[in-house]
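Here is what each chain is made of, one letter per residue.
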Amino acid sequence: MSTQRTDLLGRHIVLGLTGGIACYKSAELVRLLVKAGASVQVVMTEGAQAFITPVTMQALSGHPVVTSQWDAREPNNMAHINLSREADAMVIAPASADFMALLAQGRADEVLSLMCLARPRERCPLLVAPAMNREMWSHPATQRNVDQLIQDGAVILGPDNGEQACGEVGDGRMLEPADLLDDLIAFFQPKVLQGQRVLITAGPTFEAIDPVRGITNHSSGKMGFAMARAAAEAGAEVTLVAGPVHLDTPRGVVRRINVQSAQQMHDAVLPAATESDIFIATAAVADWRPATLAQHKIKKEGKKVAPSFELTENPDILAAVAALPQPPYCVGFAAESENLLEHARAKLRRKRIPLIVGNLGPATFGRDDNALLLVDSTDQWQLPPDGSTADKLVLARQLMAELARRLNLPESD
Ligand code: C5P
């Protein structure tokens, strides 16, 4: 099941388009921003209008597009002041090389650069998504301008690497609209874990029986990936160790290590744990694995009785991390089918960790929503508090805020 999140509800975004073929992607970006709850005011330079019409952008944003600083619709004729005063952020996507040069110089000879210059910088951040040919991007003049923009407080989103409209391949593509949306959503999240190193396990493990079969479980990895995204959004440096799942790495996650078995997960986690401040064990690790791995497929032909095989216990990754001489702050997960509180408490003690998050596995496997029961040595409480369910990312963000409180971390911008 999928829930519709409105991560940008109540946010007002001024979206500026400048001349570049990536303008066609900005139509999709507006749609995504509006779907995420934002109100969007589009501003287009003359160059942008050569690639896409204001009619398209008006239809998608639901507001007339600003194309000139002499727009008589504004009662005081000061669109550049009025619109930037209402905005929570200005996003320039695509930002051409020429427009970045204008910004770096503080020029104001057309409406969009004028608006960037006139915006109240302390409460209306400027985010810039470059889009240009790779030679233009790597040119020292452009790089100088980028450095200048960063020094002046702008946030640069991307660019991406890949095939370009001209047929060349390299850096300079505008980020995909979905990536820009995620980056913007992340930008607005409080940086409660700024500078923290967070290690997260996610998904199931797969314990091979023979080259074609194995033992696994129903974990989709969605909860763990939501944790990774929420931690990255909160400013943490995230390492994600993932079992076999079909999920894209959340933006901002600096390192993803893919593993299959519990033993591989253990071997990836232990060295990383010694360099982490927080360890969140979301993975549904198989408790046992076949004692021996058949070298070839176990065949059915001619066998009257089903084959049997011995199981051996897997290492307990969470307990091993918690037993390190200087362990990170450990958070465990308990996926149960009944008696959640009782089982969670027992695990908290058995694994010697400060916090465990209980959830009912069958009710949440594969879904986008969940209900959590947080249990520490003295207390227990639900997320959401009323016992309903909420989107996994929303819950993960609340958990990050809880961790920041427990670790007494200062909030930084
Ligand atoms: O013992 P159980 O699997 O129910 O405990 C769940 C918690 O322990 C989860 O946080 C899970 O990621 C972690 N775990 C682990 N290594 C195992 C088994 C579980 O890290 N072998």
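Above this text is the structure in question.
Structure report, in brief. The structure presented is a predicted model; accordingly, all values stated were derived computationally and were not measured.

**Brief notes about the pattern of salt bridges**
If you walk through the whole model with that rule in mind, you get 23 salt bridges. Note that Arg173 and Glu176 form a salt bridge whose closest N and O atoms lie 2.7 Å from each other. Given a relative accessible area of 29%, Glu176 falls into the partly exposed group. With a shortest N-O distance of 3.4 Å, Asp182 and Arg229 are connected by a salt bridge. Here Arg229 lies in helix α10 (residues 222-233) and Asp182 lies in helix α9 (residues 177-188), a separation of 47 residues in the sequence. Judged by its relative accessible area of 15%, Arg229 is buried. Three or more residues joined by partner-sharing salt bridges are found here, namely Arg5, Asp7, Asp182, Arg229, Glu233, Asp391 and Arg397.

**Notes on the environment of Asp182**
With a relative accessible area of 23%, Asp182 lands in the partly exposed category. On a C-alpha basis, the gap between Asp182 and Arg251 in space is 7.2 Å, while along the polypeptide they are 69 residues apart. Asp182 has contacts with Arg229 and Arg251, leaving out every residue within four places of it along the chain.

**Quick word on the environment of Gly170**
Looking at the secondary structure, you find Gly170 in strand β7 (residues 169-173). Gly170 has contacts with Arg134, Asp160, Asn161, Gly162 and Gln164, leaving out every residue within four places of it along the chain.

**Digging into unusual backbone geometry**
Residue Pro159 follows Gly158 across a cis peptide bond; omega there is 0°. Within the fold, Pro159 resides in the loop between β5 (155-156) and β6 (160-163). Residues Leu383 and Pro384 are joined by a peptide bond in cis, for which omega reads -10°. Within the element layout of this structure, Pro384 appears in the loop between β20 (380-383) and β21 (390-391). A positive phi is found at Asn77, a non-glycine position, where the angle reads about 60°.

**With respect to the sheet that holds strand β1 (residues 12-17)**
A sheet is described by the order of its strands in space; here five strands give the open sequence β2-β1-β3-β4-β5, paired in parallel fashion. Two strands close off the open sheet at either side, each with one partner strand: β2 (39-44) and β5. Looking at chain direction, strand β3 (residues 89-95) and strand β4 (residues 126-130) are connected through four bridges and run parallel. From the neighbouring strand, Ala95 faces β4, where its bridge partner is Pro130. Sitting on the sheet, helix α1 (residues 23-35) is in contact with β1, β2 and β3, with an inclination near 175° to β1.

**Some thoughts on the nonpolar core**
Counting residues in each nonpolar core, the largest one holds 38 residues, and the members touching the most others are Leu193, Ile200, Met227, Ile280 and Met400. Listing elements by their share of this core, those giving two or more residues are β8 (197-202), α10, β11 (237-242), β13 (278-281), β16 (329-336), β17 (355-360), β19 (372-375) and α15 (392-406). With eight residues, α10 is the single largest residue contributor to this core. For Met227, the contacting residues outside a window of four places in its chain are Ile200, Ile280, Thr282, Phe333, Ala396, Leu399 and Met400. Listed in part, the 34 residues of the second largest apolar core include Ile13, Val30, Ala36 and Ile52.

**Brief notes about helix α11 (residues 262-273)**
The α-helix winds at 3.6 residues per turn, so residues separated by three or four positions along the chain end up facing the same way. With twelve residues, α11 extends 16 Å from end C-alpha to end C-alpha; this agrees with the ideal 16 Å at 1.5 Å per step. Restricting attention to buried positions, one finds in α11 the residues Ala262, Met265, His266, Ala268, Val269, Leu270, Ala272 and Ala273. Residues of α11 that are buried sit in contact with β8, β9 (207-208), β11, β12 (255-258), β13 and α12 (317-322).

**Some details on the sheet that holds β11**
The sheet built from eight strands is open, its strands ordered β12-β11-β8-β13-β16-β17-β19-β20 with mixed pairing. Every other strand in the sheet has two partners, leaving β12 and β20 as the edge strands with one partner each. Each adjacent strand pair in this sheet contributes to an overall mean axis angle of 15°, direction not counted. Alignment of β16 against β17, held across six bridges, turns out to be parallel. The residue of β17 that forms the bridge with Ala335 is Asn359.

Calculation notes
Residues numbered from 1 in each chain as written. Predicted model: local features only at pLDDT ≥ 70, side-chain atom pairs only at ≥ 80, totals over all residues. Heavy atoms only, no water. Salt bridge = Lys/Arg side-chain N within 4 Å of Asp/Glu carboxyl O. Buried < 20%, exposed > 50% of the residue type's maximum accessible area, 1.4 Å probe, protein only. Helix = DSSP H or I, 4+ residues; strand = E, 2+ residues; numbered from the N terminus. Contact = heavy atoms within 4.5 Å. Pairing = 2+ DSSP bridges. Axes fitted to C-alpha atoms, helices over the stretch in contact; angles between N-to-C directions. Core = buried A, V, L, I, M, F, W, Y, C linked by side-chain atoms within 4.5 Å. Expected span 1.5 Å × (residues − 1).

Geometry only, nothing functional implied.
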